[in-house]
Each structure stands twice: as structure tokens, then as C-alpha cells.
Amino acid sequence: KAGVTQTPRYLIKTRGQQVTLSCSPISGHRSVSWYQQTPGQGLQFLFEYFSETQRNKGNFPGRFSGRQFSNSRSEMNVSTLELGDSALYLCASSPGQGPTGELFFGEGSRLTVL
Amino acid sequence: GDSVTQMEGPVTLSEEAFLTINCTYTATGYPSLFWYVQYPGEGLQLLLKATKADDKGSNKGFEATYRKETTSFHLEKGSVQVSDSAVYFCALSEGSNYQLIWGAGTKLIIKP
């Protein structure tokens, strides 16, 4: 069974640009979550989607947005990039409808903003 | 709000040593507790979990017991191996938030 796939794995952008990251969950998983990981702030929750609906959103500015498609694949977008957006962005999927906390993570997309 | 506090690392041990990584939490309700592990260059993996007080989670020789009275979920292993070198994260999930609250992570280095 294929795991969670995130693309691209690495990318470099400049301030002011925007970026779109993609996540394909494990087959059959309908919940997708996104987390930002940085050395200073650790792991921080961005948002969670289930069946194309955002169920929860973390404390990030509106420049961070996401969506989920009918096939459960998800994308997140960051507009007007800032240096502080440099991070590892992790996507996780889970099978159930409820908040079990049992997440299956991808390897992440490492974004560098110059 | 809810929070998780882990012991700072790195923790450096020799192979076959006993491991304890401390984790305490603050929560308003009755959270589920988790340990995740992140090996170098990889995403996080669920190591073990406990969903109610006095539950013991175990996997790959690691154990942690959900202690409500001390609000703790310490990770232990009796004999560590070089392959256990990784970053370990304690996390909690409460109610219907659909999110995990994470500790800062503890880097574990095992020397042969």
C-alpha cells in the first residue's frame, strides 16, 4: 500500500512569490492534515480536511490556504511568501472520520524562501 | 490552552542503555497521548499511543504509560540500539479539534 506522497520534495522561492504544495493520501484515507515544522517553532498545525471540508484551522495568517479534492488529494498554497515561511511542510492522512490522532505522514516538502 | 512539554535534547546514550524521555502535558479534558518518531530524512511515524488513564502503549520495545495523576506520558526502552537514533515527539489530541498538539521533540543519539 503506497504511503502519503508529497510533491515537490524541495523547492526554492523568493519573497513575494507564491507556492502550491501537493499531497496524495494513503488510498482510502479521507482526512488530510497539514503541519509546518521549523527549528524554532516545532510542529504547528495548519489545517485539516475531510471529504473536501475544512474542519479545523490553525493560527496562521490568511496567506496560508488549502483545499481537498473529491479524490482526497489535497493542496496547500502560501501566497506572498516571507522569509519566515521557510520550513518543512508535512502532510498527514488518516482513515477515520473521527479525530483519532493516528496520522500517517509523508516525507514533507522543504520550502526555502530567499 | 493545551500544551506538551518534553525534556530537551539531545540525549546521548550508549547502546544497550536504558532510555527515558520525559513528557508532561496540560489539557482541559481527557486527551489521547501519542509518541511519534522521526528518523533522519523521513516523515513522522506513530510509535505508540494511549487513549485513557493507566493505558500502556507499547511498540518495538518502547513503552509509555498514561499517568493522569502526574499528567505524564514518559517514553521508556530497556535497551536502546543505534538504529533508535531519531527525534521523538510527544503529542496529544483532545476532543474534536482534529489536530495534534506537539512537544518540541527530543533528539536521541545512540553511540555504539
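In case you missed it, the structure is sitting above this.
Cut-offs and rules
- Residues numbered from 1 in each chain as written.
- Chains lettered and ligands numbered in written order.
- Predicted model: local features only at pLDDT ≥ 70, side-chain atom pairs only at ≥ 80, totals over all residues.
- Heavy atoms only, no water.
- Helix = DSSP H or I, 4+ residues; strand = E, 2+ residues; numbered from the N terminus.
- Rg over C-alpha atoms; globule rule 2.2 N^0.38 Å.
- Contact = heavy atoms within 4.5 Å.
- Areas by Shrake-Rupley, 256 points an atom, 1.4 Å probe, with all protein chains shown as cover.
- Pairing = 2+ DSSP bridges.
- Axes fitted to C-alpha atoms, helices over the stretch in contact; angles between N-to-C directions.
- Buried < 20%, exposed > 50% of the residue type's maximum accessible area, 1.4 Å probe, protein only.
- Polar contact = N/O pair within 3.5 Å; in protein donor to acceptor, adjacent residues only side chain to side chain.
- Phe/Tyr/Trp six-rings, centres within 6.5 Å; stacked < 30°, edge-to-face > 60°.
- Disulfide = S-S within 2.5 Å.

Visitor: Help me understand the overall build of chain B, please; the structure alone is not making it clear to me.
Guide: From N to C terminus, chain B includes zero helices and twelve strands. Helices (α) and strands (β) of chain B occur, in sequence order from the N terminus, as β-β-β-β-β-β-β-β-β-β-β-β. Relative to the compact-globule value of 13 Å for 112 residues, chain B shows a C-alpha radius of gyration of 13 Å, a close match. Considered along the principal axes of its C-alpha atoms, chain B spans approximately 40 × 30 × 20 Å. Contacts in chain B between residues at least 24 apart in sequence constitute 56% of all its contacts with a sequence separation of at least 6. Carbon and sulfur atoms form 47% of the exposed surface of chain B, whose accessible area is close to 5300 Å².

Visitor: Explain the sheet that holds strand E3 (residues 19–21) of chain B to me, please; I cannot follow it from the model alone.
Guide: Each strand in a sheet pairs with another by means of backbone hydrogen bonds, the pair being arranged parallel or else antiparallel. Residue and element names in this part refer to chain B. Read across the open sheet, the four strands follow the order E3-E9-E8-E7; overall the sheet is antiparallel. Each edge of the open sheet is held by one strand with a lone partner, namely E3 and strand E7 (56–59). Each strand axis lies, on average, 20° off the axis of its neighbour in the sheet, ignoring direction. Across three bridges, the pairing between strand E8 (residues 62–65) and strand E9 (residues 75–77) is antiparallel. In the strand pairing of E9, Phe62 is matched with Lys77.

Visitor: Any chance you could explain the side chain of Ser22(A) here in plain terms?
Guide: Residues and elements named next belong to chain A. Here Ser22 is to be found in strand E3 (residues 19–24). Judged by its relative accessible area of 14%, Ser22 falls in the buried class. For Ser22, the side chain forms a polar contact with the side chain of Arg73, separated by 2.9 Å.

Visitor: Whenever I open this one, the packing of aromatic side chains confuses me. Can you help?
Guide: Two numbers describe a pair of aromatic rings. These are the distance of the centres and the angle of the planes. One pass over the full model with this rule turns up twelve aromatic pairs over all chains. When the ring of Tyr25(B) is compared with that of Tyr66(B), the centres are 6.0 Å apart and the planes differ by 80°; the resulting orientation is edge-to-face. In this pair, Tyr25(B) is assigned in strand E4 (residues 23–26) and Tyr66(B) in the loop between E8 and E9, connecting sequence segments 41 residues apart. Summarising the burial analysis for this pair, Tyr25(B) and Tyr66(B) share the class buried. An aromatic cluster of three or more residues is present, and its members are Tyr35(A), Phe45(A), Phe105(A), Phe34(B), Tyr36(B), Phe89(B) and Trp102(B).

Visitor: In this structure, what is going on with the sheet that holds strand E8 (residues 74–78) of chain A? I would like to understand it.
Guide: All names here are of chain A. An order of E1-E3-E8-E7 is seen for the four strands of this open sheet, with the pairing classed as antiparallel. Every interior strand has two partners, whereas the edge strands, strand E1 (5–7) and strand E7 (64–68), have only one. Strand-to-strand twist in this sheet, taken as the mean axis angle between neighbours without regard to direction, amounts to 15°. Where E7 meets E8, five bridges bridge the pair, whose relative direction is antiparallel. Looking across to E8, one finds that Ser65 is bridged to Asn77.

Visitor: Would you take a moment to explain the state of the cysteines for this structure?
Guide: Here, the word disulfide means a covalent bond between the sulfur atoms of two cysteines. Taken as a whole and assessed by the stated rule, the structure comprises two disulfides over all chains. Across the disulfide from Cys23(A) sits Cys91(A); the S-S distance is 1.8 Å. Its S-S torsion of approximately -65° makes the covalent link between Cys23(A) and Cys91(A) left-handed. You can see Cys23(A) sitting in strand E3 and its partner Cys91(A) sitting in strand E9 (residues 87–94), a full 68 residues away along the chain. Exposure remark for Cys23(A): the relative accessible area of 0% places this residue in the buried category. According to the relative accessible area criterion, Cys91(A) is buried, its value standing at 0%. A sulfur-sulfur separation of 1.9 Å characterises the disulfide bridge that pairs Cys23(B) with Cys90(B).

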